[in-house]
Amino acid sequence: MINTITIIALGVLFLARAPVAFRRPQARPAWIASGAGIAALLSIGVLIPIPLADSWLGGSNLLFLFRTGLPVIAFWYLREAVAVQVGKERPRRGRILLWALLVAQTVLFFMIPNRGTTNVYFVDEHMIYPAAFLWACTYIAAIIWTSTAIISELLPFRGKFFVAFKVGALMTIIGGIALVTHCAMILARVIEPVSGDLAWVLFNVFFYPGILLIVVGFVAITIRDAVMLAPWRLRALRLRRAVSSYGTGNSHSPIAETMRAGVGFDPIHETYEATIALRNLQYLDGITLRAEHVKQLVESESELQQMTAVLGPVGAR
Amino acid sequence: MTSREERLRARSAAVIVDQLNLSSSPDWHSILERIEARLGKAIRLVPVEDAAWEAVTALLLESETEALILYPTAAPPIYQQHSVFHEFGHMLSEEMDCGILDIIPRDLIEAAGIKEAIVKSAARGLEIGEHELMAEAVAYALARKLINSSPGREGVFGL
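Residues numbered from 1 in each chain as written. Chains lettered and ligands numbered in written order. Predicted model: local features only at pLDDT ≥ 70, side-chain atom pairs only at ≥ 80, totals over all residues. Heavy atoms only, no water.

### A word on the overall build of chain B
Okay, so step 1: Scanning chain B from N- to C-terminus turns up five helices and four strands.
Okay, so step 2: In chain B, the succession of α and β elements from N to C terminus is α-α-β-β-β-α-α-β-α.
Okay, so step 3: Looking at the 159 residues of chain B, the share that counts as buried comes to 56%.
Okay, so step 4: The long-range fraction of contacts in chain B, counting pairs at least 24 apart against all pairs at least 6 apart in sequence, stands at 70%.
Okay, so step 5: Counting only carbon and sulfur atoms, one obtains 50% of the accessible surface of chain B, whose full area is about 6500 Å². (Helix = DSSP H or I, 4+ residues; strand = E, 2+ residues; numbered from the N terminus. Buried < 20%, exposed > 50% of the residue type's maximum accessible area, 1.4 Å probe, protein only. Contact = heavy atoms within 4.5 Å. Areas by Shrake-Rupley, 256 points an atom, 1.4 Å probe, with all protein chains shown as cover.)

### Focus on the nonpolar core
A general tendency of soluble globular proteins is for nonpolar side chains to be buried together.
Okay, so step 1: Counting 65 residues, the largest nonpolar core has Phe109(A), Trp135(A), Phe165(A) and Phe157(B) as its most contacted members.
Okay, so step 2: Only helix H1 (2-16), helix H3 (28-43), helix H4 (50-56), helix H5 (63-85), helix H6 (95-110), helix H8 (130-154), helix H9 (160-187) and helix H10 (198-245) of chain A provide two or more residues apiece to this core.
Okay, so step 3: Per-element tally for this core: the top contributor is H8(A), with twelve residues.
Okay, so step 4: In this view, Phe157(B) contacts Arg17(A), Ala30(A), Leu78(A), Ala81(A), Val82(A), Gln85(A), Phe165(A), Phe218(A), Ile221(A) and Thr222(A); residues no more than four positions away in its chain are not counted.
Okay, so step 5: Counting residues in hydrophobic clusters, the runner-up holds 43 residues, among them Val17(B), Ile31(B), Leu45(B) and Ala67(B). (Core = buried A, V, L, I, M, F, W, Y, C linked by side-chain atoms within 4.5 Å.)

### As for the packing of helix H12 (residues 267-283) of chain A against helix H13 (residues 291-307) of chain A
Residues and elements named next belong to chain A.
Okay, so step 1: For the pair H12 and H13, the least separation of the axes is 10 Å and the interaxial angle reads 125°. If you check the angle between H12 and H13, you find them oblique. Once H12 is placed against H13, the crossing between them reads as left-handed. Contacts between H12 and H13 involve Ile268, Thr271, Tyr272, Thr275, Leu278 and Arg279 from the former and Leu297, Val298, Ser300, Glu301, Leu304 and Met307 from the latter.
Okay, so step 2: A per-class count over the contact of H12 with H13 returns seven nonpolar, three polar and two charged. (Axes fitted to C-alpha atoms, helices over the stretch in contact; angles between N-to-C directions. Parallel < 35°, antiparallel > 145°, perpendicular 65-115°, else oblique. Left-handed = near helix turned anticlockwise from the far one by under 90°. Nonpolar A, V, L, I, M, F, W, Y, C, P; charged D, E, K, R; others polar.)

### Section: the confidence of the model for chain A
All names here are of chain A.
Okay, so step 1: Across chain A, the average pLDDT comes to 86, with 89% of residues at 70 or higher.
Okay, so step 2: Averaged pLDDT values for the elements of chain A fall to 49 in helix H11 (residues 253-263) and rise to 95 in H8.
Okay, so step 3: Considering only residues more than four positions removed or in separate chains, one finds that residues 312-317, a stretch of pLDDT under 50, has 15 contacts. (pLDDT = per-residue confidence, 0-100.)

### So, the side chain of Glu270(A)
Okay, so step 1: With respect to the secondary-structure elements, Glu270(A) resides in helix H12.
Okay, so step 2: Within the structure, Glu270(A) has its side chain in polar contact with the side chain of Arg240(A) (distance 3.4 Å). (Polar contact = N/O pair within 3.5 Å; in protein donor to acceptor, adjacent residues only side chain to side chain.)

### Some remarks on the packing of aromatic side chains
Residues and elements named next belong to chain A.
Okay, so step 1: A full pass over the atoms with the stated rule returns 19 aromatic pairs over all chains.
Okay, so step 2: Taken together, a centroid distance of 5.8 Å and an interplanar angle of 45° make the contact between phenylalanine 109 and phenylalanine 122 tilted. Of this pair, phenylalanine 109 sits in helix H6 while phenylalanine 122 sits in helix H7 (residues 122-126), and the two are 13 residues apart along the sequence.
Okay, so step 3: By the ring-pair criterion, three or more aromatic residues cluster together here, those being Phe64, Phe109, Phe110, Phe122 and Trp135.
Okay, so step 4: Stacked on the ring of tryptophan 76, the Lys or Arg arginine 79 has its end atom at 4.9 Å from the ring centre. (Phe/Tyr/Trp six-rings, centres within 6.5 Å; stacked < 30°, edge-to-face > 60°. Lys NZ or Arg CZ within 6 Å of the ring centre and 35° of its normal.)

### A word on H5(A)
Each turn of an α-helix holds 3.6 residues, which means side chains three or four residues apart point in the same direction.
Okay, so step 1: Given a rise of 1.5 Å per residue, 23 residues ought to cover 33 Å, and the 33 Å separating the end C-alpha atoms of H5(A) matches this to within 8%.
Okay, so step 2: Counting buried positions along H5(A) yields 20 of 23 residues, so the element is predominantly enclosed. (Expected span 1.5 Å × (residues − 1).)

### Some thoughts on unusual backbone geometry
Residue and element names in this part refer to chain A.
Okay, so step 1: Even without being glycine, leucine 47 reaches a positive phi, approximately 70°.
Okay, so step 2: Within the secondary structure layout, leucine 47 lies in the loop between H3 and H4.
Okay, so step 3: On the accessibility criterion, leucine 47 (62% relative accessible area) is exposed.
Okay, so step 4: Phi at asparagine 114 takes a positive value of approximately 50°, unusual for a residue other than glycine.
Okay, so step 5: Among the secondary structure elements, asparagine 114 is positioned in the loop between H6 and H7.

### Some details on the packing of H1(A) against H3(A)
All names here are of chain A.
Okay, so step 1: Two numbers describe how H1 lies on H3: the axes approach to 9 Å, and their chain directions differ by 145°. Here H1 and H3 pass one another in a crossing that is left-handed. Residues Asn3, Thr6, Ile7, Leu10, Gly11 and Phe14 of H1 touch H3, and the partners they reach there are Trp31, Ser34, Gly35, Gly37, Ile38, Leu41 and Leu42.
Okay, so step 2: Residue composition of the contact of H1 with H3, grouped by class: seven nonpolar, six polar and no charged.

### Examining H9(A)
Okay, so step 1: Helix length check: H9(A) (28 residues) gives 41 Å between terminal C-alpha atoms against 40 Å at 1.5 Å per residue, within 8%.
Okay, so step 2: Trailing H9(A) by a residue or two, Arg189(A) shows a phi angle of about 60°, which is positive.

### Description of the pattern of salt bridges
Residues and elements named next belong to chain A.
Okay, so step 1: Overall, the coordinates contain nine salt bridges over all chains when judged by the stated rule.
Okay, so step 2: For the salt bridge of arginine 235 with glutamate 299, the shortest nitrogen-to-oxygen distance reads 3.1 Å. Taken together, the positions of arginine 235 in helix H10 and glutamate 299 in helix H13 put the pair 64 residues apart, joining distant regions of the chain.
Okay, so step 3: Classification of arginine 235 as buried rests on a relative accessible area of 11%.
Okay, so step 4: For the salt bridge of glutamate 301 with arginine 279, the shortest nitrogen-to-oxygen distance reads 2.6 Å. (Salt bridge = Lys/Arg side-chain N within 4 Å of Asp/Glu carboxyl O.)

Structure, rendered in structure tokens:
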């Protein structure tokens, strides 16, 4: 149930954020993370039964490799997104480490003996092999490292939207440690391969609910931004109407068109474009603007000014 | 609807601005400094309180060692900034012509205090040629950088 809710939420986010990810590079890491998160959830049997999904990959338990690789990709890009969110440069240079982790997982996975045909208990039953244990350790180490990095990035920030990320990441760390403990006990033959020991219970209690909490934080920030943009959509609409009301015959209107070509549907950019277009009519074409339009302009300029560290009196340095 | 030319122009402008290698959260001063470093000359901004040149919303005069951007203070600050960005666009896209010097009053140029011979000049608002449209596209690309870098506009998780 939790996983179904998570995958639906991620699916909505992935589709709704596709345009912004296309337009804005800083939006891409979180978008990639949501896409990888969806694929990761599909690989653990959410919506698509494991035997069916694995059969698409040849029926040799290869799905379990995707099950460990995709969450690492999702967490990796989530970490990048969080870094950008708190004002840092996107940490691209470490990307080689991501590839190294994925390659290590793949190599270790193919070193597991007797992989056999599709088996929903593949992980537990093969944990008696050192290669499988190392494969699980590589996976969990990557998750713990990225979760720790997320917490560390967000620690100085008190925003309520970040609490979900911090607590969610902490839960995945606890869940990850529990999973490694569970796997270590199987390897050491302390417990049976498929057993409901405490470590396994803790893994289930913390790991996936932790991921759900991170998704909740993600959704909350997206909704906050949508609410924040609502007044801008109204401003853009009003100003565009105002520009249109003066007709298109003015000589300088093509100048304003250049922005639309490069931007698209961002309401703040549209407000900026329409503001400049209206002022062009006034200053370049000598048109006297109507009082209601001047009022709208002044309000928009005031809002825009607060966003753009505007030139103002600093002109002469 | 936007024409193919407009899209290409906007894309070229975005490339020009990207080549400045601005930080993820640039401010007005960092843009100015990066352009100065890129062009290897100082940029002097000169506010002008003169209603007589309302039809021109910014004027660029460039010598070998410095660039002067004159802008009228009668316009709202956001429009002043945009007009200055437009002149940055001329400087960065290297598309200018000197026809403006025949139109602008000499006393205005002299009052700006430029010490060397003017090698390039441009003005926003007198004509709409490819040079003007390109400079304007760069101005919007710079404005986008500022808008996107403002607090709450990271767009990392938002729409």
